[in-house]
Amino acid sequence: MNARSPHIDQAALDAKHPVILEAKDLCIDFRKKGDSIFSPKQYLRAVNGLNFQLREARCVAVVGESGCGKSTSAKIATKIHKATEGGIYYHGTNIDEFTSGEELDAYRRDVQMVFQDPFSSLNPLHTIRYHLMRPMQIYHGIKPGKEMEYRLIKILTQVGLTPPQEVLDKFPHQLSGGQRQRVFLAKTLAIGAKVILADEPTSMLDVSIRIGVLNLMNRMKHEMGKSFMYITHDIATARYFAEDTIVLYCGHMVEWGDTEQITQNPQHPYTQLLLAAVPDPSRSIHEKLPTHRSMETPMWSPEKKGCPYAGRCPQAKAECSQYLPEPVEISANHFTRCHLFT
Ligand SMILES: Nc1ncnc2c1ncn2[C@@H]1O[C@H](COP(=O)(O)OP(=O)(O)OP(=O)(O)O)[C@@H](O)[C@H]1O
């Protein structure tokens, strides 16, 4: 995301945190539901021109309200959906080029998704031991025995599930939501994933245990070199966990770059609204949020023009609904796409 910034030591960044996963001009259209077979095909554009570079041992947060295209972006990266335009590159190769069984297996091992619902993502009929043994057998050919036991205990200890010997023989229903999410993260370690696409991994957990799971992901990033795409509607947690942040609105990147800059010095009116909506105990509940003209998020389509936020933006100008402005670099690694800056 910062390839063009003159203020960043690009060579040092590339050496320490090489790019592992990259999105280039990613777009996806879905056929609109409810079309009659006699009417012309109409499409919803769920993602429009997404670009990012995910680096080794770093995190990119993708932030935005429900329906803005966050999960769809991750699903393209896991090959659940195919991009309509643009693509996802893994170590420089377009993932559409992975077609042989061997290439697909390797990619699916390396890039894993963690879902928001820890209750449905584990099989209730199997113990935690089974959930962790299977990937080690399948992906690494490790047979049950001493070596397997050693690895199981190590992984559970790494994710903070102790005492590991007891946890191994439990079933998912015997664990709390936070513990199950830790098991799921342990599974990514058992698989040997390098990139973890975490889709709202803490949104179904009690507030008090969210921080523990975020801490664990932070450790996986710093100590084990894992890379995270962190999907969230909660921009405050992005600040805690992600070096880079993309604010998505209606499938469009409206502001992106250094997380600290975006959260401390937001420039796009939509990012300002997101941050103003974060609960702050020091603020009175009578304090007004910035006024926006409508709360309706438009459905985007490939033929639409302009900034998707124009209908809601209190500062919209005539050109906002006519064409989308080019990205503007506000400061080092801090970009926005807004007519207020053109
Ligand atoms: N398979 C599909 N077919 C048709 N439309 C889809 C499909 N998947 C997603 N969409 C639409 O694409 C848009 C983006 O959806 P997406 O799930 O990516 O949003 P999101 O930002 O992850 O929202 P949430 O936080 O609620 O999961 C939505 O309008 C959604 O209805």
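Notes on the structure follow. Please read these numbers as outputs of a predicted model, since none were measured by experiment.

What counts, and at which threshold
- Residues numbered from 1 in each chain as written.
- Predicted model: local features only at pLDDT ≥ 70, side-chain atom pairs only at ≥ 80, totals over all residues.
- Heavy atoms only, no water.
- Pairing = 2+ DSSP bridges.
- Helix = DSSP H or I, 4+ residues; strand = E, 2+ residues; numbered from the N terminus.
- Axes fitted to C-alpha atoms, helices over the stretch in contact; angles between N-to-C directions.
- Near = heavy atom within 4 Å.
- Polar contact = N/O pair within 3.5 Å; in protein donor to acceptor, adjacent residues only side chain to side chain.
- Disulfide = S-S within 2.5 Å.
- Buried < 20%, exposed > 50% of the residue type's maximum accessible area, 1.4 Å probe, protein only.
- Core = buried A, V, L, I, M, F, W, Y, C linked by side-chain atoms within 4.5 Å.

The next subject is the sheet that holds strand β6 (residues 111–114). The pairing of strands in a sheet comes from backbone hydrogen bonds and takes either a parallel or an antiparallel form. Read from one edge to the other, the open sheet built from eight strands follows the order β6-β7-β8-β3-β9-β10-β12-β11, with strand pairing classed as mixed. Since the sheet does not close on itself, it has two edges, and those belong to β6 and β11 (328–331), each with one partner. On average, each strand axis in the sheet is inclined to that of its neighbour by 20 degrees, with strand direction left out of account. Note: strand β9 (residues 244–249) against strand β10 (residues 252–258), six bridges, orientation antiparallel.

Turning to the site of the ligand, a few remarks are in order. Inspection of the region around the ligand gives 13 residues, with Ser 66, Gly 67, Lys 70, Ser 71 and Thr 72 positioned closest. Lys 70 is positioned such that a nitrogen or oxygen atom in its side chain is 3.0 Å from an oxygen atom of the ligand. Among the elements of the structure, β2 (43–55) and α2 (70–77) are those that each provide at least two residues to the shell around the ligand. Looking at the shell around the ligand, the element that brings in the most residues is α2, giving three residues.

Formally, a disulfide is one covalent bond, and it connects the sulfur atom of one cysteine to the sulfur atom of another. Scanning all chains against the criterion turns up zero disulfides. Left without a disulfide partner, Cys 59 is nearest to the cysteine sulfur of Cys 68, which lies 16 Å away. For Cys 59, a relative accessible area of 0% translates into the label buried. With no disulfide partner, Cys 68 has as its closest neighbouring cysteine sulfur the one in Cys 250, 8.6 Å distant. Of the residues examined, Cys 68 reaches a relative accessible area of 2% and is grouped as buried.

Leu 156, Met 217 and Phe 228 are the most contacted members of the largest nonpolar core, which has 53 residues in total. A total of six residues in this core trace back to one element, the largest contributor, which is helix α7 (residues 177–191).

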